[in-house]
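Examining the three-dimensional arrangement
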Amino acid sequence: MAASPQIASLLGRRGKLTLDDVLAALVVDGFVQAEDAKNVRMGNRSGRSSVELHPLVLIANAKLANQRDPGRPLSLEVLTEWLATHAGLPYLKIDPMKINVAAVTQVVSSAYATRHRILPVAASPGEVTFATCEPFDPSWAADLSHMIRRDVKRVVSNPLDINRYLLEFYGVQRSIQLAQDAKTSGYDSSAILNFEQLVELGKSGEVGADDRHVVHIVDWLLQYAFEQRASDIHLEPRREAGLMRFRIDGVMHKVFELPPPVMTAVTARIKILSRMDVAEKRRPQDGRIKTRSSGGREVELRISTMPTAFGEKVVMRIFDPDIVAKDFSQLGFSAEEGALWRSMVERPHGIVLVTGPTGSGKTTTLYSTLKHLATPELNVCTVEDPIEMVSPELNQMQVQTSIDLDFAAGVRTLLRQDPDIIMVGEIRDLETAQMAVQASLTGHLVLSTLHTNDAPSAVTRLLDLGVPHYLIQSTLTGVVAQRLVRTLCPHCKQATEQEPHEWTALTHGWSVPLPETVFKPVGCLECRNTGFMGRTGIYEMMILSPRLRGLLSSQLDLGRFGTAALAEGMRPLRISAAAQVARGLTTVKEVLTVLPPIELPEGHSH
């Protein structure tokens, strides 16, 4: 899109943009038909409430057909980009994760920024960058540059984002300042000791007048995390300033800095919401909060605190029900893997294990499976540490080590509860393994997790724990090893050719044909310029065939057993990963970061 002096003079003749001028410019530029522009004008005159809306917002709301590029609707972003081009200024999509809010809000007051509808987005000792939606009205820039004694650089951003972040940035910064001034503490922690308590943000807890600033900071933090698709929120105290970081698609992003007194108050507020002991700061604690996202969905947060050198570190793991309980196809199973998994978990009895390191999606796989299996005719019970997500279809029990209710005691209890399916959070010791075997032998389906690198290693782990090989032979149905890989952003990924040497590194001697086309990450507004959006699973599925059962012995040779499993049709993780690359979902580079190292016998061929 090239800038046109004629359109620039049309847009800039009054300084401030008007609906008539913007529509006229869009017609001249060939984006909008004259008839459509006339209808928008008429509609705006008849509606009174839209007087204060920015012309671009009014035009975007009209959802007009784009005459120059029919495949690209005239959205607010497209219109803002068009405006920036003709104003001869850079276009910026505001990404709050990349803005140092504490620094930019110090440059100008909230009142000044609101009056001119400008938002400071970057500040250095010699220059400050401001986002504006009125690029033809630079009257404020010279005065402001003189006042702050720094150069002023202007960029054009979408008016709704400017309004929103003006309120958020200055609002949160003001709350932090006031909270610091008040050195807020002193909460009333008389919360109902009910495990399943729904917290309505900003309403719960007897909070004094001074504490409303801290309430605001915590509410903003949680809503912001939900919007940014974060899976974890980290609050990390430091000597100078506490850090707030989000984990998004497995990668950590710094979000904000808080002064130490405010960090302490925010931590106390979170501890109250999750019904922890606020006075106890030396011992790690666990809790949970159930709340709603701005869309109205219930979201569960699991809270963990840990004492550090500068105060308590808090990690909040976010469990969104829509994300945790997925359909099998959404988990990343291919049709063949889905059929294999169903054949394992739809049996009346046996043990099915899901293995992988922490954060590899084992919980999501198990919850999704339990939701699939939990019909009204079945009694599905779980024993977990902690309960990851409360689900109405399941009977869930929390491990309480302080009263000797461990996994083994939990399974023993569940066996008296007439269960059909039992899910054990993790097999950590011989006693739990023995109880899982016992449950399977008495005709129950048992699902559980182990921490091993691949599927065959799960068998040696059970032997190491002390489970006799003949019991593994008669109870173990199958093992699934899994990993999570980031998926390419569907909005911006680009087709490219696969490098043969990369493909060889991934497939490692397996005869998997090189795909003609694969995709590479690019980066766009939707994915915050990372090129990736969301994650999917890769799986290694081992069903214990009669031949593999025959190989089980107390002196198991893992190498030989793994080779036999491959011969019996087990596809290793890297082949499942290669299939995801060939489908255009991810990249070889991304996959290689999560795959375990290759440990195959010398001379092994496929």
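Here the residue index of a chain counts from 1 through its sequence in written order. Only residues with pLDDT of at least 70 get local features here, since the model is predicted, and only at 80 or more are side-chain atom pairs given and counted; chain-wide, interface and lining totals rely on the full set of residues. Note that the side-chain values use all heavy atoms of the structure and ignore hydrogens as well as water.

1. Here's the deal with the UniProt feature "domain: Bacterial type II secretion system protein E" (unreviewed entry) in the protein chain
According to UniProt, the feature "domain: Bacterial type II secretion system protein E" (unreviewed entry) maps to residues 415-429 in the numbering used here. A run of H or I in DSSP counts as a helix once it spans at least four residues, and a run of E counts as a strand once it spans at least two, with each numbered from the N terminus. In residues 415-429, helix accounts for 7% and strand for 27%; the two terminal C-alpha atoms are 18 Å from one another. UniProt positions are given in the numbering used here, feature names are shortened, and annotations may be inferred rather than shown by experiment.

2. Concerning unusual backbone geometry
For D249, which is not a glycine, the phi torsion comes out positive at approximately 50 degrees. Positionally, D249 belongs in the loop between β5 (242-248) and β6 (251-258). We note that D404 has phi near 60 degrees; this positive angle belongs to a residue other than glycine. By the element assignment, D404 lies in the loop between β12 (395-398) and α15 (407-415).

3. Quick word on helix α19 (residues 500-507)
Relative accessibility thresholds used throughout: buried, under 20% of the residue-type maximum; exposed, over 50%; partly exposed, between the two (1.4 Å probe, protein chains only). For α19, the complete set of buried residues consists of W503, L506 and T507. All buried residues of α19 lie within an arc of 85 degrees about the axis, which places them on one face of the element. Residue contacts follow a heavy-atom distance rule, with two residues in contact if any of their heavy atoms lie within 4.5 Å. In this fold, the buried residues of α19 make contact with α22 (573-582) and α23 (588-592). In the stretch just after α19, H508 is the one whose phi turns positive, near 45 degrees. Each direction from the helix axis to a C-beta atom contributes to the arc, which is the arc of those directions.

4. Let's talk about the sheet that holds strand β8 (residues 298-308)
A strand pair is defined by DSSP finding two or more bridges across the two strands. With respect to topology, 6 strands assemble into an open sheet ordered β6-β5-β4-β9-β8-β7, the strand pairing being antiparallel. In the strand order of this sheet, the two ends are held by β6 and β7 (285-292), each with one partner. Going across the sheet, the axis of each strand differs from the next one's by a mean of 20 degrees, ignoring polarity. Here strand β4 (residues 230-236) runs beside β5; their pairing, made up of 6 bridges, is antiparallel. By the bridge assignment for β5, A230 is matched with I248. Each of β4, β5, β6, β7, β8 and β9 (311-319) is contacted by helix α11 (residues 260-273), which is oriented at about 50 degrees to β9, the strand it contacts most. To get an axis, fit a line to the C-alpha atoms, keeping to the stretch in contact for a helix; angles then go from 0 to 180 degrees between the N-to-C directions.

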